[in-house]
Amino acid sequence: MIDNTLSHQVQSLVERQLCEWPLVRDNYAALERAEVREIWLGESRIILQHNPERIRSTAADVSDEAIQARPCFLCDANQPVEQEAVHWKSDDGSEYKIQVNPYPIFRRHLTISLTEHKPQKCLKRDMMQLAQLLPGYVIMFNGKGCGASAPDHLHFQATMQQELPLCTELEDRADNSGLDTCYGDRNLWIDGDTGRQLIYIRIRLIDSAILYDMSHALNGLMRNALCWFKDDVWHYVFFPRTKGRPQCYGTGEGCFLVSPAAAEYGGVWVLPRKQDFEHLTPELICSFYKELSINSLEMGHIYDAYVRVN
Ligand SMILES: [Zn+2]
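For the structure given in this document, a descriptive report is provided here. (Residues numbered from 1 in each chain as written. Predicted model: local features only at pLDDT ≥ 70, side-chain atom pairs only at ≥ 80, totals over all residues. Heavy atoms only, no water.)

1. Quick word on the overall build of the chain
Quick reminder of the rule: Runs of E in the DSSP output that reach at least two residues are strands. Runs of H or I that reach at least four are helices, and both are numbered from the N terminus. Only C-alpha atoms enter the radius of gyration; for comparison, a globular chain is expected to reach 2.2 Å times N to the power 0.38, where N is the number of residues. Think of it in three bands: with a 1.4 Å probe and only protein chains considered, a residue is buried below 20% of the maximum accessible area for its type, exposed above 50%, and partly exposed in between. Contacts: residue pairs with any heavy atoms within 4.5 Å of one another.
Along its length, the chain carries eleven helices and twelve strands. Computed over the C-alpha atoms, the radius of gyration of the chain is 19 Å, within 12% of the 19 Å expected from 2.2 N^0.38 for a compact globule of 310 residues. The C-alpha extent of the chain, read off along each of the three principal axes, is 55 × 50 × 35 Å. With 310 residues in all, the chain has 54% of them scored as buried. Taking contacts inside the chain between residues at least 6 apart in sequence as the whole, the part at least 24 apart equals 67%.

This is how it looks when you write it as structure tokens:
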């Protein structure tokens, strides 16, 4: 019997592109050789990755003018002929193409974009459906102004759960008394120990009100998000943000070329320059998280707004 599940189609796509598209083959091979370094923020594992190929994304001009002026790399017309796709339609009727990211930061790195050119927006139900149909994967969302390199074209990214340290960390820390547990059997945690403010929700129903109430409480804040599905439970993480890049972003003396997005918030810091790779410390990472995330007071306001609608 032919296995025609989305997961199998994606697996075949990855194998085919790695075999037939030299750019993909070379870039994934280069990633295997990339230097990595591990640091710890308390109990949180952070992987630093020296990846010169990602300069195009980290240093990208994401101003509205620059975005309007460039050809969109997620639109069919501007993609290389070698770039194939698996097409998928969500229950809500949105059509997507799932593709291998030719400039990976993960050993398995997918880009999942709407077939139409429409502004970046987090369609949570689609994200959850994708997480369910792609077991083992974590779906990532980068909002406009906080890591989305194509804020004009709706897209997600995906990698394997074990590639993002935060996934297993949150699963393991679920019973830790250091995290606030609220609302009885509905599980929701707020944690800002590392300066990396996050809201972690576990739900069993795709239409669970908790996620929509929380989105409402977030009230248009810039954000990154992660979603994965495991043992019949969706794991959903919001990272509410105030800024895209730190004050010291740049190439000058004392500057760092970092553009934190869902990957960095999930524990993988991608550093195109060797000196940043060598000089980043746990204290600096913590200070970046603090600078770019909303603060504890604002987190409290979200919490209050959430409680009010419940
Ligand atoms: Zn586009």
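2. Considering the coordination of the zinc ion
Using the following cut-off: Coordinating donors are taken as N, O and S atoms within 2.8 Å of the metal, stretched to 3.2 Å for Na, K and Ca; because water is absent from the atoms, sites can appear incomplete. Under this scheme a four-donor centre is tetrahedral when all angles range from 85 to 135 degrees, a four-donor centre is square planar and a six-donor centre octahedral when opposite donors are above 155 degrees with the rest from 65 to 115, and any other centre is irregular.
Coordination of the zinc ion by the protein is provided by C72 (SG), C75 (SG), H117 (ND1) and H153 (ND1), with metal-donor distances spanning 2.1 to 2.3 Å. Classification of the site at the zinc ion rests on its four donor atoms, whose angles at the metal span 98 to 122°, yielding the label tetrahedral. For the zinc ion, the single-chain donor residues occur in sequence as C-x2-C-x41-H-x35-H. Here the residue C75 occupies a position in the loop between α4 (64–69) and β3 (86–89), and H153 occupies one in the loop between β6 (137–142) and β7 (155–160), the gap between them amounting to 78 residues. The exposure class of C75 is buried, given its relative accessible area of 18%.

3. Topic: the side chain of H50
Convention followed: A 3.5 Å cut-off defines polar contacts: any pair of N or O atoms within that distance qualifies, except that in protein one atom must be a possible hydrogen donor and the other a possible acceptor, and neighbouring residues in sequence count only when both atoms are side-chain atoms.
Along the polypeptide, H50 turns up in strand β2 (residues 44–50). A distance of 3.4 Å separates a polar atom in the side chain of H50 from the backbone oxygen of P272. Once residues within four sequence positions are removed from consideration, H50 is found in contact with A34, E35, L271, P272, R273, K274 and F277.

4. Focus: the side chain of S215
Checked against the element boundaries, S215 lands in helix α7 (residues 209–218). Judged by relative accessible area, S215 falls into the buried class, the value being 13%. Discounting chain neighbours no more than four positions away, the residues touching S215 are K124, R223 and F238.

5. A look at the sheet that holds strand β12 (residues 268–271)
For the record, the criterion: Pairing between strands is defined by DSSP: at least two bridges between the two strands are required. Orientation is described by lines fitted to C-alpha atoms, with helices fitted over the stretch in contact, and by angles between N-to-C directions that extend from 0 to 180 degrees.
Spatially, three strands are ordered β1-β2-β12 in an open sheet, and the strand pairing comes out mixed. Single-partner strands in this sheet number two, and they are β1 (36–41) and β12. On average, adjacent strands in this sheet sit at an angle of 25° to one another, irrespective of strand direction. The strands touched by helix α6 (residues 165–173) within the sheet are β2 and β12, with β2 carrying the most contacts at an inclination of about 175°.

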